[in-house]
Amino acid sequence: MKISYNWLKKYIDLSLTPDQMEQLLTGCGLEVEAYEEVESVKGGLRGLVIGEVLEKEKHPDADRLSITKVNVGKSHLLQIVCGAANVAKGQKVLVALEGARLYPSFGEPFDIKNSKIRGQISEGMICSEDEVGLGASHDGIMVLDAHAVPGTHAAEYFKVEEDVIFEIGLTPNRVDAASHMGVARDLAAVINTRAAFEKDFFHKPVQVIQPTISELKITNRKNPVTVTIENAGDCPRYSGMSIHGVKIQESPTWLKNALLSVGVKPVNNVVDVTNYVMFETGQPLHAFDAHKVRGKIVVKKLQKQTPFVTLDGTERKLTGEELMICNEHEPMCIAGVFGGIHSGVSNDTTDIFLESAYFNPALVRKASKQHMLKTESSFRFERGTDPANTVFALKRAVTLILEIAGGSVASDMIDVYPNPIEPAKTEISYDAVRKLSGLNITNAMTDEILKYCGMTLLNKSDDKVLISVPTYKTDVTRQADVVEEILRTYGYHHIPVNEKFGMAISNHKADIKPALQKKISHYLTAQGFFEIINNSLSSLALAQKYNPEITPVKILNPLSNELDILRTDLLFSMLGTMQYNNNRKQQNLKLFEFGKTYFHSEGKNNETNKLAIAVTGNLHESDWHKQDRESNLFYLKSIVLDTLIQIAPVPSDFLKWVMAEHAVFSSYASLQNRQSNIGYMGMLKKNFLRQFDISHPVFYAELDMDLLIKRAAQYKHRIKPAPRFPEVKRDLSMLLDAQVQYADMKELALKQEKKLLRDVSIFDVYQGDKIEAGKKSYALSFILRDDEATLTDKQIDIIMQKIETAFEKNLGAVIRK
């Protein structure tokens, strides 16, 4: 939430530096995440002054340029070359002097320098409004009021405001501080408490100043409105008032600047007032076109599947749980969330009905989630606004509308409040305050702090006090909450620190998962991969269609049908990321993600840790000295195997690829070790990828991190000396049936010689018209070594003969001699 320092000072007399403000706000529970100094016009119009054009003549070497002499309040005139067609003698204009930096409405900022234009010196620039960020027009230079004084700083002439904006990380329980008045109350409580009990505190005591409200005189009753609430529990309080004869137009500068400072785009004077009062008091309001209200407001729920078009032009089907603001015939607004497209204020509106209400927070939150509408109003209503604030905020808004939009009050004050919400009453013990807070404070100090916090002391004894909690403090309901208020107001820094600390030594085994993930991440990023993090929610429809054998974990209250289960694998979220990047012309992707997958089995929910790796497009971006190389399954396989090596060296007989059919993979293989399935890899089918608007082939692998972490924990690193005796390499070429796989050949060879045969690798494969159909030519290399002696030719020949015989007998190989 954004808080403007200038706006805040309207309600509290502050003389704080930004650092002091940050310290006080964060200390009382309103954490300042960041703050920045801003201007109402970017750059503050520094280096720009008012000038008067005293002379104008045509440029001798350019038909569309003029040479002007401009008085900018200096002892000499400036010569400025200007290309605007509307420049004329006698005009008051905006001049950018040498060294000024301009921030245009569109494009990048640029600096002004003295220069020659077609041989003529130009000592500055006469500006149009879009060149300095004051508007969007580029039709010509700005011509200012004739009474403007040359040499006046532009910031002074245009009343540029400087401000400091604080970004507060507001916790869900602190809706009482979701406004400038709320923050002012907190600051006043902290400042007054610390000024009373700290001798060297840096600020004097302060008092919160309430916004002004004029006396509202009813000049006519042209637009009376009746209000009916079908269920008082859904809307405990509803206040409203009609205004006749307003003029819808652009808001004054002060109002627009205030809204822009907190990130709200101005709309028109009436809508802007409702937003202003919401950020001022914390009470959301809504302005209806009175002609659409038709004299009657009904607050009720409508039937399921009732269509309703919201302000954004989207037709939504109601669930039947939303609280709706209706006229006698149709819905006009989702209460506390979003208005309807037909009932809001437009440029033709002359009469308005202003609503200020307190809605059931649970209903507002549910409607906001169901329709995925997050608004400033719903943010406050769903946390619980102050039911005692509706009439005050309404009168404040009416006062401002009458001031800037004209009109007159056209109805009595409507305030439907059948069951008033009383302030909470809580009894606290002075000893409990000291025990829970750790503060050694007296009973009198406790009473003073409670008063500064806005509490009322009702009944007091020597050891206890009964207090009344203001209705805006929705989270203060018990003694512990009151102690927290005292503690954050008095200051956490007053809690004494013990000289001795107790410490328990943990006896559990270290978790190797973070270190292992970091090691794998370093390897993959070194290979050009990017790590991604996706939502753990996925679609039940997708999971049932492509993973029907897995029972997913369903979400009880899903945000949407696309996010109604915990994901059963990482594939769909990976493809969603690829789709997002492809839509932005990023088609060469190498991605990986560590994440959890979830499934229901044997009556309980389970989760597993996974690693997903995917590639698509070219392996490298196009470059003049690198040939384009498309990603393929063998590249992904090498990445997977090297990733496993990062965890622990893999024995040659530890892994096995098992080919299989799969619903979404055109080529698919599971990776197995001696006991279990480590993961899988494959190339996705084209028709499956079309659902994600992906046209390039995608190669995907998913590994079971839980199994890999277990193996890493079991692996013991050993150091051996370098071999004393040399390795021997032998090659073997053969013809086999095309269905025979390299993995089968390697496994068979290693079985023939377990001690001396160190490795088997493939260096050539051929399948074509030069050999028999259905056959494939393989060329393998065999590495042999004896750690105790140098191998003899006789030993090598015996081993190779055993391997050749096994290939011929078991695989039907024809050895090429």
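Residues numbered from 1 in each chain as written. Predicted model: local features only at pLDDT ≥ 70, side-chain atom pairs only at ≥ 80, totals over all residues. Heavy atoms only, no water.

Engineer: Even after reading the chapter, I still don't get the sheet that holds strand E16 (residues 296-300), so can you show me in this structure?
Structural biologist: The pairing of strands in a sheet comes from backbone hydrogen bonds and takes either a parallel or an antiparallel form. As summarised here, the arrangement of the five strands in space is E13-E16-E19-E20-E21, forming an open sheet in which the pairing is mixed. Each of the sheet's edge strands pairs with one partner strand only, and the pair in question is strand E13 (226-229) and strand E21 (338-339). In this sheet, strand E20 (residues 331-334) lies alongside strand E19 (residues 324-326) in antiparallel orientation, the contact comprising three bridges. Following the sheet pairing, isoleucine 325 is matched in E20 by cysteine 333. (Pairing = 2+ DSSP bridges. Helix = DSSP H or I, 4+ residues; strand = E, 2+ residues; numbered from the N terminus.)

Engineer: I'm lost on the nonpolar core in this one. Help?
Structural biologist: What tends to happen in soluble globular proteins is that the nonpolar side chains get buried as a cluster. The biggest cluster of nonpolar side chains holds 61 residues, and the ones touching the most others in it are Leu8, Leu14, Met21, Val183, Leu187 and Ile401. With eight residues, the top contributor of residues to this core is helix H10 (residues 390-405). Ignoring anything within four residues of it in the chain, the contact list for isoleucine 401 reads Ile243, Val246, Val270, Val273, Ile352, Leu354 and Gly406. (Core = buried A, V, L, I, M, F, W, Y, C linked by side-chain atoms within 4.5 Å. Buried < 20%, exposed > 50% of the residue type's maximum accessible area, 1.4 Å probe, protein only. Contact = heavy atoms within 4.5 Å.)

Engineer: I keep staring at the packing of aromatic side chains and nothing clicks. Help me out?
Structural biologist: For any two aromatic rings, the description comes down to two numbers: the centre-to-centre distance and the angle of the planes. A complete count under the given rule lists 15 aromatic pairs for this structure. Here the aromatic rings of tyrosine 35 and phenylalanine 166 are separated by 5.5 Å at their centres, their planes lie at 40°, and the arrangement is tilted. Here the residue tyrosine 35 occupies a position in strand E2 (residues 31-39), and phenylalanine 166 occupies one in strand E12 (residues 162-169), the gap between them amounting to 131 residues. Judged by its relative accessible area of 30%, tyrosine 35 is partly exposed. Each ring, one from phenylalanine 665 and one from tyrosine 680, has its centre 5.8 Å from the other, and the planes form 75°; the classification is edge-to-face. Highlighted residues: phenylalanine 665 in strand E35 (residues 665-672) and tyrosine 680 in strand E36 (residues 677-684), separated in sequence by 15 residues. Judged on exposure class, the residue phenylalanine 665 and its partner tyrosine 680 are both buried. Joined through ring pairs, the aromatic side chains of Phe665, Tyr668, Tyr680 and Tyr700 make up one cluster. The ring of phenylalanine 279 carries the charged tip of arginine 380 above its face, separated from the ring centre by 5.0 Å. In this structure, arginine 584 is placed above the aromatic ring of tyrosine 580, and the distance from its NZ or CZ to the ring centre is 3.6 Å. (Phe/Tyr/Trp six-rings, centres within 6.5 Å; stacked < 30°, edge-to-face > 60°. Lys NZ or Arg CZ within 6 Å of the ring centre and 35° of its normal.)

Engineer: In this structure, what is going on with the sheet that holds strand E31 (residues 565-566)? I would like to understand it.
Structural biologist: Read from one edge of the open sheet, three strands run E29-E31-E30, paired in antiparallel fashion. At either end of the open sheet lies a strand with only one pairing partner, and these are strand E29 (537-538) and strand E30 (553-554). Pairing geometry for E30 and E31, over two bridges, is antiparallel. The residue of E31 that forms the bridge with lysine 554 is isoleucine 565.

Engineer: Help me understand the packing of helix H4 (residues 180-197) against helix H12 (residues 443-452) in this model?
Structural biologist: Think of two packed helices as two axes; the pair is described by the angle between the axes and how far apart they sit. The geometry of H4 relative to H12 is characterised by a closest axis approach of 9 Å and an angle of 155° between their N-to-C directions. On the basis of their axis angle, the class for H4 and H12 is roughly antiparallel. Every pair of crossing elements has a handedness; the one defined by H4 and H12 is right-handed. Seen from H4, the contacting residues are Ala189, Asn192, Thr193, Ala196 and Phe197; seen from H12, they are Met445, Glu448, Ile449 and Tyr452. Taken together, the residues that form the contact of H4 with H12 break down as six nonpolar, two polar and one charged. (Axes fitted to C-alpha atoms, helices over the stretch in contact; angles between N-to-C directions. Parallel < 35°, antiparallel > 145°, perpendicular 65-115°, else oblique. Left-handed = near helix turned anticlockwise from the far one by under 90°. Nonpolar A, V, L, I, M, F, W, Y, C, P; charged D, E, K, R; others polar.)

Engineer: What exactly am I supposed to notice about helix H5 (residues 253-261) here?
Structural biologist: At 3.6 residues per turn, the α-helix brings residues three or four places apart onto the same side. For H5, the full list of buried residues reads Leu255, Asn257, Ala258, Leu259 and Ser261. Where H5 is buried, its residues meet strand E1 (2-4), helix H1 (5-8), E12, helix H6 (269-281) and H10. Looking one or two places after H5, you find glycine 263, whose phi comes out positive at around 85°.

Engineer: Sorry, what's going on with the pattern of salt bridges here?
Structural biologist: Opposite charge on two side chains permits pairing when their charged atoms draw close. In the structure shown here, the tally under the stated rule is 34 salt bridges. Here arginine 174 ties to aspartate 186 by a salt bridge, and the two come within 2.6 Å at their closest N and O atoms. Here arginine 174 is found in the loop between E12 and H4, whereas its partner aspartate 186 is found in helix H4, with twelve residues between them in sequence. Aspartate 186 sits in the buried class, given a relative accessible area of 5%. Here the salt bridges do not stand alone but share partners, grouping Arg174, Asp176, Asp186, Lys473, Glu485 and Arg488 into one network. (Salt bridge = Lys/Arg side-chain N within 4 Å of Asp/Glu carboxyl O.)

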